[in-house]
Structures are given as C-alpha cells and as structure tokens.
Amino acid sequence: MIYGDDQSPELDEVDVLFFEVGDIVYGTDASQVLRIDRSHPDDLELPDLGPLKRGNRAIVFDTPEGEGHLKVDVIRGVRPVPIMDLRRLPQVAGAAPYAVGVFLDQERPVMLIDLVETLNAQGRH
C-alpha cells in the first residue's frame, strides 16, 4: 500500500502505476500489480472511476482469494513518486474506500486507488 504503516522511514519514493479510465488519469501502488493483460468480459469495471472508452486492458493484482482484474483504457507507465508529494484523503471527503489519496502531478491531481479495495467496493471479495 502506498500509505502502509509498515513502510520504513528511509523510503522516500514509491513506484506508482498510472492508468486511464476514460479521460481521467489514476494511480496505484505498482507493488500491488502482478501484470498488465488483455481484459476479459468478466473483469471488474468500476463505474465510479468513469465510463471506459475501450476497456481492452486489465491491471492484474493479487488478492487473498486469488487474482483480481480491473479493466482500464490505457496504461501510462510506472514512475517513482516522492512520498512527501502524496496526500491522504481526509475521511470527511466521503470518498470511496478504494480512494486512498491524491498525487499532484504538476498541475493535475491524480486520484490514488487501492486495487484490492476496488474488489471490496463491488462486493467481490
């Protein structure tokens, strides 16, 4: 997790995988990602992230029950991000449980999501 309590104090960067759903860029902790694959009809679509344009890619990640697959449109790549540039979402923001924070990428905010929590939000756990 990007904001896990078990992170060592010496760690000053985290690798973030950036991806698009529709025209919106999101990020996730790259350590959660097993691989990028072609999507399948039964892969998870998360409407709260926005409508997919194509949905022909899937981020594959590990869960306690096996692999999870989240449909996305575009994979932008992985980039190290300084931890001091990441911000947690306050609970009063009323965000979904999978929305763990925000990264300000130059002028554009990027929502950071927890992949395992996306399954829980859809009742697929």
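What you see is a predicted model; the values in this text were computed from it and never measured. Sequence order sets the numbering: in each chain, residues are counted from 1 along the sequence as written. This being a predicted model, a pLDDT of at least 70 is required before a residue's local features are given, and a value of 80 or more before pairs of side-chain atoms are given or counted; all residues contribute to the totals for chains, interfaces and linings. With hydrogens and water set aside, each side-chain value is computed from the structure's full complement of heavy atoms.

## Notes on the overall build of the chain
Which entries qualify depends on this criterion: Numbering of helices and strands runs from the N terminus; a helix is a DSSP stretch of H or I covering at least four residues, while a strand is a stretch of E covering at least two. Here's how the labels work: a residue is buried when its accessible area is under 20% of the maximum for its type, exposed when over 50%, partly exposed in between, all with a 1.4 Å probe on protein chains only. Contacts are residue-level and defined by heavy atoms, with any inter-residue pair within 4.5 Å sufficient. Residue exposure ignores everything except the shown protein chains as possible cover, and the areas themselves are Shrake-Rupley values with a 1.4 Å probe.
Of regular secondary structure, the chain possesses one helix and nine strands. Ordered by position in the sequence, the α and β elements of the chain form the string β-β-β-β-β-β-β-β-β-α. Relative to its 125 residues, the chain shows a buried fraction of 41%. Expressed as a percentage of contacts within the chain between residues at least 6 apart in sequence, the contacts between residues at least 24 apart total 56%. Accessible surface, the chain as shown: approximately 7,300 Å² in total, 49% of it carbon and sulfur.

## Section: the sheet that holds strand β8 (residues 99-105)
Put simply, the rule is: Between any two strands, at least two bridges found by DSSP are needed for them to pair. Geometry is summarised by axes, namely lines fitted to C-alpha atoms with helices restricted to the contacting stretch, and by angles between N-to-C directions that run from 0 to 180 degrees.
With mixed pairing, six strands are arranged side by side in an open sheet as β6-β1-β2-β9-β8-β7. Every other strand in the sheet has two partners, leaving β6 (74-82) and β7 (86-88) as the edge strands with one partner each. With direction set aside, neighbouring strand axes in the sheet form an average angle of 35°.

## Digging into the packing of aromatic side chains
Where we set the bar: Two rings from Phe, Tyr or Trp (for Trp, the six-membered ring) form a pair when their centres are within 6.5 Å of each other. A pair whose planes differ by under 30 degrees is stacked, one over 60 is edge-to-face, and the rest are tilted.
As enumerated under the stated definition, the model contains two aromatic pairs in all. Residues Phe-18 and Phe-103 carry aromatic rings whose centres are separated by 6.1 Å and whose planes lie at 45° to one another, so their mutual orientation is tilted. Of this pair, Phe-18 sits in strand β1 (residues 13-21) while Phe-103 sits in strand β8, placing them 85 residues apart in sequence. A relative accessible area of 5% means that Phe-18 is categorised as buried. Considering the side-chain rings of Phe-19 and Tyr-26, the 5.8 Å spacing of their centres and the 25° angle between planes classify their relative orientation as stacked.

## Details of the pattern of salt bridges
Inclusion rule: Whenever Lys or Arg places a side-chain nitrogen within 4 Å of a carboxyl oxygen from Asp or Glu, that contact is recorded as a salt bridge.
For the structure on display, the rule yields six salt bridges. In this structure, Glu-20 and Arg-76 form a salt bridge, with 2.7 Å as the shortest nitrogen-oxygen distance. Linking Glu-20 in strand β1 with Arg-76 in strand β6, this pair joins segments that are 56 residues apart in sequence. Looking at Arg-76, the relative accessible area reads 44%, which means it is partly exposed. A cluster of three or more residues bridged by salt bridges with shared partners is formed by Arg-35, Asp-37 and Glu-67.

## Comments concerning the environment of Leu-44
Assignment of secondary structure puts Leu-44 in the loop between β3 (33-38) and β4 (57-63). For Leu-44, a relative accessible area of 0% translates into the label buried. Separated by 28 residues in the primary sequence, Leu-44 and Val-72 place their C-alpha atoms 9.3 Å from one another.

## Description of the sheet that holds β3
Strands pair in a sheet through their backbones, by hydrogen bonds, and they do so in one of two ways: parallel or antiparallel. A sheet is described by the order of its strands in space; here three strands give the open sequence β3-β4-β5, paired in antiparallel fashion. Every interior strand has two partners, whereas the edge strands, β3 and β5 (66-72), have only one. Between one strand and the next, the sheet's axes are offset by a mean angle of 30°, whatever the strand orientation. Pairing geometry for β4 and β5, over seven bridges, is antiparallel. Residue Thr-63 lies in a different strand from β5, and its bridge partner there is Gly-66.

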